[in-house]
Amino acid sequence: MVSHLASDETVRASKLRKRFGKVEVLKGIDFVVRSGEIFGIVGPNGAGKTTLLRIVAGLLRPTSGDVEVLGYRIPRDVDKIRRYVSYLPEDSNLYGRLNGYENLKLFALAYLGAKDVEETIRLGITISGLSPEDLAKRAETYSKGMSRRVAVAASLMVRPRLAILDEPTAGLDVVSARYVRETIKKFSKELGTTIIMSSHNMFEVSKICDRVALIFSGRIVAVGKVGEILAKVGAEDLEEAFVKLVGERNE
Amino acid sequence: MLSWLVRGMSDLYIVLWKEIKELLRDKRTMLMVILTPILTLPLMGVAIVYLPSVQEVTVAILDEDMTNATIGDLTISSRDIASFIGNYLAQYGYAVIQGSNLSAQVLLKIPAGFVANLTSFEYQASAVMVKRLGSPRVDQAAGYIEGLLNYISRVVSEAKIRALGRLANITVRPEAVLSPIAVRTYMLTPSGMPAGTTEELKLYLGRVLALSLAFVTTPAATYIADSLVGEKERKTLEKLLSTPISRSSLILGKSVAASLIGLVGGASSVAGGLLLYLAPALTQSTDVLKFISPEVFVVLFCSSYISILVSLSISLPVVLRSPSIRSASLSSTFLIGIASVVYIASLFMNFDELKMPLVLVLAVPYASLASAVVRASLGEYLRAAIYLTYSLAVSTLLILLSTKLLDPERMISSKT
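The numbers attached to residues start from 1 for each chain and follow its sequence in the written order. Each chain takes a letter, starting from A, and each ligand takes a number, starting from 1, following the order in which they are written. Only residues with pLDDT of at least 70 get local features here, since the model is predicted, and only at 80 or more are side-chain atom pairs given and counted; chain-wide, interface and lining totals rely on the full set of residues. As a rule here, side-chain values come from all non-hydrogen atoms in the structure, and water together with hydrogens is ignored.

Draft legend 1. How the structure looks around the overall build of chain A. Across its full length, chain A carries 10 helices and 10 strands. For 251 residues, the compact-globule estimate of 2.2 N^0.38 gives 18 Å, and the C-alpha radius of gyration of chain A, at 18 Å, lies within 12% of that figure. Projected onto its principal axes, the C-alpha coordinates of chain A cover approximately 55 × 45 × 35 Å. In chain A, buried positions account for 56% of the 251 residues. Here the analysis covers contacts within chain A between residues at least 6 apart in sequence; of these, 67% occur between residues at least 24 apart. Residue burial considers only the protein chains on display, and all accessible areas are found by Shrake-Rupley using a 1.4 Å probe. For chain A, the accessible surface area stands at approximately 10900 Å², while carbon and sulfur atoms represent 48% of it. Just so you know, the count uses Lys and Arg for positive and Asp and Glu for negative, and it drops His and the chain ends. Charge placement uses NZ in Lys and CZ in Arg. For Asp and Glu, CG and CD serve respectively. Averaging the locations of the 39 positively and 32 negatively charged side chains of chain A gives two centres separated by 5 Å. Only DSSP runs of H or I covering at least 4 residues are called helices, and only runs of E covering at least 2 are called strands; the numbering of each starts at the N terminus. Radius of gyration: C-alpha atoms only; globule rule: 2.2 Å multiplied by the number of residues to the exponent 0.38. The cut-offs for exposure are 20% and 50% of the maximum accessible area for each residue type, with area from a 1.4 Å probe on protein chains only; residues under the lower value are buried, those over the upper are exposed, and the others partly exposed. Here, residues are in contact when the closest pair of their heavy atoms is within 4.5 Å.

Draft legend 2. Structural view of unusual backbone geometry. All names here are of chain A. That bond from Ile74 to Pro75 is cis: its omega, 10°, falls within 30 degrees of zero. Its identity as a non-glycine residue notwithstanding, Ser217 has a phi of 50°, on the positive side. Tracing the sequence through the fold places Ser217 in the loop between β9 (211–216) and β10 (219–224).

Draft legend 3. Spatial organisation of the interface of chain A and chain B. Counting residues at the interface gives 30 residues for chain A and 27 residues for chain B. Two parts lose some accessible area (1.4 Å probe) when they are put together, and adding that loss for both gives the buried area. Here chain A and chain B share an interface that buries about 3000 Å² over both sides, 55% of which is from carbon and sulfur atoms. When the buried area of chain A at its contact with chain B is split by residue, A:Arg82, A:Tyr95 and A:Arg97 rank highest and sum to 24% of it. In this structure, A:Arg54 engages B:Glu238 in a salt bridge whose closest nitrogen and oxygen atoms are separated by 2.6 Å. Polar contacts here mean pairs of N or O atoms no more than 3.5 Å apart (in protein, one a potential hydrogen donor and the other a potential acceptor; neighbouring residues in sequence count only if both atoms are side-chain atoms). The tally of links between chain A and chain B comes to 15 residue pairs in polar contact (both at pLDDT 80 or more). Sort the elements by how many residues they give to the side of chain A that touches chain B and helix α3 (residues 100–112) of chain A lands first, with 7 residues. Residues are grouped as follows: nonpolar covers Ala, Val, Leu, Ile, Met, Phe, Trp, Tyr, Cys and Pro; charged covers Asp, Glu, Lys and Arg; every other residue, Gly included, is treated as polar. The class makeup of the residues in the side of chain A that touches chain B is 15 nonpolar, 5 polar and 10 charged. The term salt bridge refers to a pairing of a side-chain nitrogen on Lys or Arg with a carboxyl oxygen on Asp or Glu at a separation within 4 Å.

Draft legend 4. Region of the structure containing the pattern of salt bridges. Residue and element names in this part refer to chain B. Tallied over the entire structure, the rule returns 34 salt bridges over all chains. Across the pair Glu380 and Arg375 runs a salt bridge, and its minimum N-O distance is 3.3 Å. When sorted by exposure, Glu380 lands in the same class as Arg375, which is buried. The shortest N-O distance in the salt bridge between Glu380 and Arg383 comes to 3.6 Å. By relative accessible area, Glu380 is classed as buried at 9%.

Draft legend 5. View of the sheet that holds strand β6 (residues 128–131) of chain B. All names here are of chain B. Within the open sheet, the 4 strands sit side by side as β4-β1-β5-β6. Their pairing is mixed. The open sheet terminates on both sides in strands that have one partner only, identified here as β4 (95–98) and β6. Averaged over all pairs of adjacent strands, the angle between their axes in this sheet comes to 15°, without regard to strand direction. A pair of strands counts as paired when DSSP detects no fewer than two bridges linking them. In the sheet, strand β5 (residues 106–110) pairs with β6 via 4 bridges, with the strands oriented antiparallel. Axis angles are defined between N-to-C directions and span 0 to 180 degrees, where every axis is a line fitted to C-alpha atoms and, for a helix, only to the segment in contact.

Draft legend 6. Spatial organisation of helix α8 (residues 213–233) of chain B. All names here are of chain B. Take the residue count of a helix, subtract one, and multiply by 1.5 Å to get its expected span. In this model α8 runs 30 Å from its N-terminal to its C-terminal C-alpha over 21 residues, within 8% of the 30 Å that 1.5 Å per residue would give. Note that the bend at a residue is defined as the angle between axes fitted to the seven residues ending at it and the seven residues starting at it. Taken as a whole, α8 carries its principal kink of about 35° at Ser227. Most of α8 is tucked away: 15 of the 21 residues are buried. Directly after α8, the chain includes Lys235, whose backbone phi takes a positive value near 60°.

Draft legend 7. The arrangement of the confidence of the model for chain B in detail. Confidence in the prediction for chain B averages 83 pLDDT; 94% of positions are at 70 or higher. Complex prediction metrics read pTM 0.75 and ipTM 0.92. Each residue gets a pLDDT score, which is the predictor's confidence in that residue and runs from 0 to 100.

Draft legend 8. Inspection of the sheet that holds strand β1 (residues 9–20) of chain A at higher detail. All names here are of chain A. Reading across the sheet, the 4 strands line up as β2-β1-β4-β5 and stay open at both edges, with antiparallel pairing between neighbours. Where the open sheet ends on each side, the last strands, each with one partner, are β2 (23–34) and β5 (72–73). Relative to strand β4 (residues 64–69), β1 is paired through 5 bridges, and the arrangement is antiparallel. Its bridge partner lying in β4, Arg17 is registered against Ser64.

Draft legend 9. Molecular detail of the environment of B:Tyr381. Residues and elements named next belong to chain B. Inspection of the secondary structure puts Tyr381 in helix α14 (residues 381–402). Sequence separation of Tyr381 and Leu260 is 121 residues, and the distance between their C-alpha atoms is 25 Å. Setting aside its immediate chain neighbours within four residues, Tyr381 contacts Ser293, Glu295 and Ala376.

Draft legend 10. Representation of the packing of aromatic side chains within the structure. Put simply, two rings from Phe, Tyr or Trp (the six-membered ring, in Trp's case) pair if the centres are within 6.5 Å, and we call them stacked under 30 degrees between planes, edge-to-face over 60, tilted for the rest. If you walk through the whole model with that rule in mind, you get 8 aromatic pairs over all chains. Here the aromatic rings of A:Phe31 and A:Phe39 are separated by 5.6 Å at their centres, their planes lie at 10°, and the arrangement is stacked. The burial state of A:Phe31 is the same as that of A:Phe39; both residues are buried. Aromatic pair B:Tyr88 and B:Tyr144: ring centres 5.8 Å apart, planes at 70°, arrangement edge-to-face. Taken together, the positions of B:Tyr88 in helix α3 (residues 78–91) and B:Tyr144 in helix α5 (residues 136–168) put the pair 56 residues apart, joining distant regions of the chain. On the basis of relative accessibility, which here comes to 22%, the residue B:Tyr144 falls in the partly exposed class. In this scheme, Lys NZ or Arg CZ marks a charge over a ring once it lies within 6 Å of the ring centre and within 35 degrees of the ring normal. Sitting above the plane of the A:Phe20 ring, A:Lys18 keeps its charged end 5.1 Å from the centroid. For the cation-ring pair, B:Lys239 lies above A:Phe107, with the distance from its terminal atom to the ring centre recorded as 5.0 Å.

Draft legend 11. Representation of the side chain of A:Arg181 within the structure. All names here are of chain A. Tracing the chain through its elements places Arg181 in helix α7 (residues 174–191). What makes Arg181 buried here is its relative accessible area of 12%. Among residues more than four places away in sequence, those in contact with Arg181 are Thr169, Phe203, Glu204 and Ile208.

Draft legend 12. Spotlight on the pairing of β1(A). Residue and element names in this part refer to chain A. Summarising the sheet, β1 and β2 pair through 9 bridges and their orientation is antiparallel. Looking at the pairing, Ala13 lines up with Phe31 of β2. Taken together, β1 and the strand that follows it, β2, pair antiparallel across an intervening segment of 2 residues, in which Gly21 is found at a positive phi of about 65°.

Draft legend 13. Representation of the side chain of A:Ser199 in the model. Residues and elements named next belong to chain A. Looking at where Ser199 falls in the secondary structure, it is placed in strand β8 (residues 194–199). For Ser199, the side chain forms a polar contact with the side chain of Glu204, separated by 3.2 Å. Dropping the residues within four chain positions of it, Ser199 is found in contact with Ile41, Val42, Gly43, Lys49, Glu167, Glu204 and Val205.

Now the structure itself:
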């Protein structure tokens, strides 16, 4: 199989469609994620963000179109892709009866086997920012903010080539959301991990993403650097740009 | 090939590590698995053997005749009959009242002229028995009374035959008149070995033990439903499915963990079975302990564990397609129902002695497991081992096939 990825690309999707029964959720999506960048997918609820991320993570099969991740095709090479890609689903929980440390250990083992597990967990502890006492407690006792910090740590500590984060700050208070955002930004650069994150928070995406794709009703309505999109649409912020773009589409 | 195997074993270890940690911390489930057979089986023993014997039943014997008479060499009186029956019933714990009693559950009336008719050559004596319906112990008392009256009838008949013989001046043996055909019954085990009442009791207890297998089916079937579909509802499944852990390791790891519950359940079932034997011994001084065979318990333990594997193997394909725990649990309940029907049926029949095509029911692993316990209780260990091996092979094969059925898209996309 010949890869269509350029040397600086991690993900390339073209004419991607996904249908669940009679409902078409993705209606021909094209985008590229460059290696090392934080790529934001922004859109309202029901726009198709989670479906798109699940396809890139290898959990759903595209109905049609091509998706290539790290030189591998989806769904054919899913087993290979999963070794290099970590995925944090929206609203995912930790294992409540395991403590924070054990939750980190589980995912360290899942990605690396017995190799470098302790070092990986140490990195996870650093990323989570939780104290050893907190990590020794069962996850069922954690606040949502603590759970999310451990979950983000579990996704990044395994040094994936691509981390897919679906609404990583959804439902968090201001302080926790800020911590998660800063963690993603800091460790993606330190670890050289490409990030795709979805959000419906335009402010958040503007702050940490290198490039964004605005998605609405299963279609990408704009893609590029935030500044480029704002200039092109003539808007002051991403929210205004989105409303203008969606308005044009609706008309 | 080798690296694939190493990776598979490593994945299996990871899933097992997680499942066992979670399982050991789920103390309520563990307690239920351990305590259910330990509490219910002895209770079953008490219910079957002890409780019926202590149920209060009053028997009134009303002698309206109060006469005696002689036939040949036998003198008989209505008072003796009443007291003979009364004493016999009292031995078995019945409250016996000589005279009329309106609250008695069983009333035996010996009417006037009873003894005269009993000893005559022309008339038949009739007694009247009234019993209140609704209690097996009342039926048992009525059965005793009928048996005792038959015994008296037999004794009187023999006296009459001897008297007639003397009158006719011929040699008459009462058995030759009363029972011209004698039937001698010899008991054999199903495999043809000589048997007595001991083997009969062993077989009965074996059937009760086979029924105990129904208890260990429940926790594992419920656990596997919760383990797979529950992860979805607890929002941990999607993340787990996205990791490099192979799908087959995921299913196998969860199945092995669920079967460990079965192992604990099996051990509890054996302990419960032991208590089932002990319960009547303790409550009624019945020495059923001598019927315990260690091999039967080994077979029971193996059957319990394999019964879990069978339940897992049958429920996995259904659970993997269930959108919610409720739906998965209902499927498991259906499965448990089938297992229970088979195990209860094993109380009354030998599956391996059915005719074609009904004998094919033995292909249902639950039937062969029940048969293994029943056969082991009769000392037929080779046959028991064949049934166990068959069930183990079928369940293992089905579990391995089920690993191919995990479809992440289906599990993630289905609505709970």
